[in-house]
Amino acid sequence: MHLGEISGLSLGAATRDAFGDALKELGATNQHIVTVDGDVGNSTRTEPFALAHPDRAFNVGIAESNMVSVAGGLAACGKIPVVASFACFLMDNAFDQIRMSVAFPQLNVKLVGSHAGISIGEDGPSQMGIEDVALACSLPGLTVVVPSDAACTKEATRACLEHDGPTYLRVGRGKVATIYPKGCPFELGKAITVREGTDATIIANGLMVAAAIDAATLCEPLGISCRVIDLHTIKPIDRDAIAAAARETGAIVVAEEHLQHGGLGSAVAQVVVETAPVPMRFVNVGDQYAESGDPQGLLDKYGLTAKAVADAVQEAHGSK
Amino acid sequence: MSKLSLDELKSKAKVIRELIIRITTEAGSGHPTSSLSAADVVTALYFGGFMKFDPKKPADPDRDRFVLSKGHACPVLYSAMAEAGYFTVDEIMTLRKLGSPWEGHPNMRRLPGIEASTGSLGQGLSIGIGHALAARIDGKSYHTYVMMGDGEMGEGQVWEAIAAAHKYALNNLTAIIDQNGYQQTGATKEVLDLTAFQPKLEAFGWHVQTIAGNDMAEVVKALETANGIKDRPTCIVSRTQKGFPVVPLLEAEGDPNYHGKPFSKELAKKAIAMLG
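Here the structure is a predicted model, which is why all the values come from computation and not from measurement.

Participant: Before we move on, can you summarise the interface of chain A and chain B with the specific residues and values?
Facilitator: Facing 25 residues of chain A, the contacting portion of chain B comprises 25 residues. Between chain A and chain B, a total of about 2,000 Å² is buried, with carbon and sulfur atoms accounting for 62% of that surface. There are 1 salt bridge connecting chain A and chain B. In this structure, K79 of chain A and D138 of chain B form a salt bridge, with 2.5 Å as the shortest nitrogen-oxygen distance. Remark: the boundary between chain A and chain B carries 12 residue pairs in polar contact (both at pLDDT 80 or more). Of the residues contributing to the side of chain A that touches chain B, the split by class is 12 nonpolar, 8 polar and 5 charged.

Rendered as structure tokens:
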């Protein structure tokens, strides 16, 4: 059973595929777009762009540090470099290059981390980007986006490429539920309320938005009406939407496919504490590394489920 | 852009060396010796007719680029750029002071004409590759020069970049290794000996020259030769002395490396006198 299935959401494309399609489409018209790859373009889905525009695609080999700084140089010359690798190899391996060659000089580099989260499955923890959001959020001036489905990713890709400044876009490996069958009303830094509710709010991003919708469905017969917010942009964060949710529903659960420190939960908690303190609970991977296994089994074992989110809602709601 | 004669270049290098000493002594911190070793190459690049630039148009897309990867040597860059007309001498005298854009390491966001924000060693050559690739995409003829330190060659990223520059046969890229023989804690040969730079870079497919980098005639000749290489990236291994030409004064102080230390006012006076 996939996340979102309880609520009748159908399975859509993987967000990495949506990114790759959007990149190819946008790259056909914007000649400034170039790609710099670390030899995983067929995994990150920059490959369709690279095949269509070999003169604007650079595979620098398994050398992420060089990859990121080369992109910084290209951006300094007016190019819009898209730098894609596995989230962990990009953000963790090349963190100082992202700091010094991208964030500090505020160069217009588009970082894309694929294979984010534990749902990559069998390849195991060495390939799982679960610290990436914390690292990305620590860098001043870096816009950080974690889209929830294919439509959201398409719009997020466009928004990142049109944004004047460095961005980090996080996408996943496997298919995810369709949250926006009629297209996503995406705006950088602007939360999307995907379901109205009055008793508690679930704030999620990535594939956990589907889990949040399911949790809201599970809570309904219990008499708890849940608002669900897709907080796709973690930086800059939509403070107004978070504060309003805290004031209007009185309890907040944050769900994300990331370690417990430094991700969406930390960012939302900071806003809640500063604006309207209410009971909060957090659903995430915790403070641990996962293991190899099938994606669904991993999500179940590490507590990234609709039930875990629904339980957290009941706890938060119960401590009002 | 001016093109000075050999004698004029030698005089200009003296002026730049004096500025390096004055601004770091005024700052009370900084890396004068790392800057002094590189002064001849930087002088030749900016004043020997090798780099096309207009201080009034620092963002000119057709300008040649100089990336100072060994960012701690920025006093040599600030001094050369002041002489070239980007800044005034009064401005660079604010080096390292609160509020001054002439920071302890180059910050491109605050200073037009600075091509890269450096200071975390190892990234400049990769950034230079980005500039060189952009030139190729845009069909532009500008050239990119990157100066690294010999200690900096310990960074793995440098070797990633060396391999990538060869892959793309970047004939519009010249790397200069300012081989002054010292890094922070001692002689480069003792810390991590990578000093057979010429065979290493040749094995990566680069054109390489090894020169006496504090001899202006050799510097000019090497940059001319590099310009003539049209099929691959070129490297100039510039063998220099850290602190040139005031090393005897530093030896008398008991520290020929003198890394990251400004000269006292008294030492600065002696050093400037020694420049001749």
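After that view, the rundown keeps rolling.
Participant: Go over the pairing of strand β4 (residues 80-86) of chain A, please, and point to the residues and values.
Facilitator: All names here are of chain A. With 7 of 7 residues buried, β4 lies mostly within the body of the structure. Relative to β4, strand β2 (residues 33-37) is paired through 5 bridges, and the arrangement is parallel. Each residue of the ladder has a partner; that of V36, found in β4, is V83. As defined by bridge partners, β4 adjoins strand β5 (residues 110-114) across 5 bridges and the pair is classed as parallel. Counterpart to A84 in the pairing with β5 is V112.

Participant: Kindly report on the sheet that holds strand β7 (residues 234-239) of chain B, identifying the contributing residues and their values.
Facilitator: Residue and element names in this part refer to chain B. With parallel pairing, 5 strands are arranged side by side in an open sheet as β1-β2-β3-β7-β6. Of all the strands in the sheet, just β1 (65-68) and β6 (207-212) have a single pairing partner and so form its edges. On average, adjacent strands in this sheet sit at an angle of 20° to one another, irrespective of strand direction. Here 6 bridges tie strand β2 (residues 144-149) to strand β3 (residues 173-179), and the two strands are oriented parallel to one another. Within β3, the position partnered with Y145 by the bridge is T174.

Participant: Go over the pattern of salt bridges with me, naming the residues and quoting the values.
Facilitator: All names here are of chain B. One pass over the structure, following the stated rule, counts 22 salt bridges over all chains. In this structure, the salt-bridge partner of D40 is R17, at a minimum N-O distance of 2.6 Å. Of this pair, D40 sits in helix α3 (residues 39-47) while R17 is found in helix α1 (residues 6-27), placing the two residues 23 residues apart along the sequence. We note that D40, like R17, is buried.

Participant: Which residues make up α3 of chain B, and what values do they have?
Facilitator: Taken across its 9 residues, α3 of chain B has 9 buried, putting it largely inside the fold. Directly beyond the C-terminal end of α3 of chain B, a positive phi value near 85° is found at G49 of chain B.

Participant: Account for the nonpolar core, naming residues and giving values.
Facilitator: Core analysis: the largest hydrophobic core is formed by 141 residues, its most contacted members being I252 and V268 of chain A together with L45, Y46, F66, W206 and F263 of chain B. Residue contributions to this core reach at least three from each of two domains, namely domain 1 (11-177) and domain 2 (186-318) of chain A. Among residues more than four places away in sequence, those in contact with L45 of chain B are F50, M51, F66, Y145, I176 and L223 of chain B. Formed by 62 residues, the second largest nonpolar core is a distinct cluster that contains M128, V176, F186 and L304 of chain A.

Rules behind the numbers
- Residues numbered from 1 in each chain as written.
- Chains lettered and ligands numbered in written order.
- Predicted model: local features only at pLDDT ≥ 70, side-chain atom pairs only at ≥ 80, totals over all residues.
- Heavy atoms only, no water.
- Contact = heavy atoms within 4.5 Å.
- Buried area = accessible area lost by both parts, 1.4 Å probe.
- Salt bridge = Lys/Arg side-chain N within 4 Å of Asp/Glu carboxyl O.
- Polar contact = N/O pair within 3.5 Å; in protein donor to acceptor, adjacent residues only side chain to side chain.
- Nonpolar A, V, L, I, M, F, W, Y, C, P; charged D, E, K, R; others polar.
- Buried < 20%, exposed > 50% of the residue type's maximum accessible area, 1.4 Å probe, protein only.
- Helix = DSSP H or I, 4+ residues; strand = E, 2+ residues; numbered from the N terminus.
- Pairing = 2+ DSSP bridges.
- Axes fitted to C-alpha atoms, helices over the stretch in contact; angles between N-to-C directions.
- Core = buried A, V, L, I, M, F, W, Y, C linked by side-chain atoms within 4.5 Å.
- Domains from an automatic or database assignment.

Limitation: the analysis is restricted to geometry and does not speak to function.
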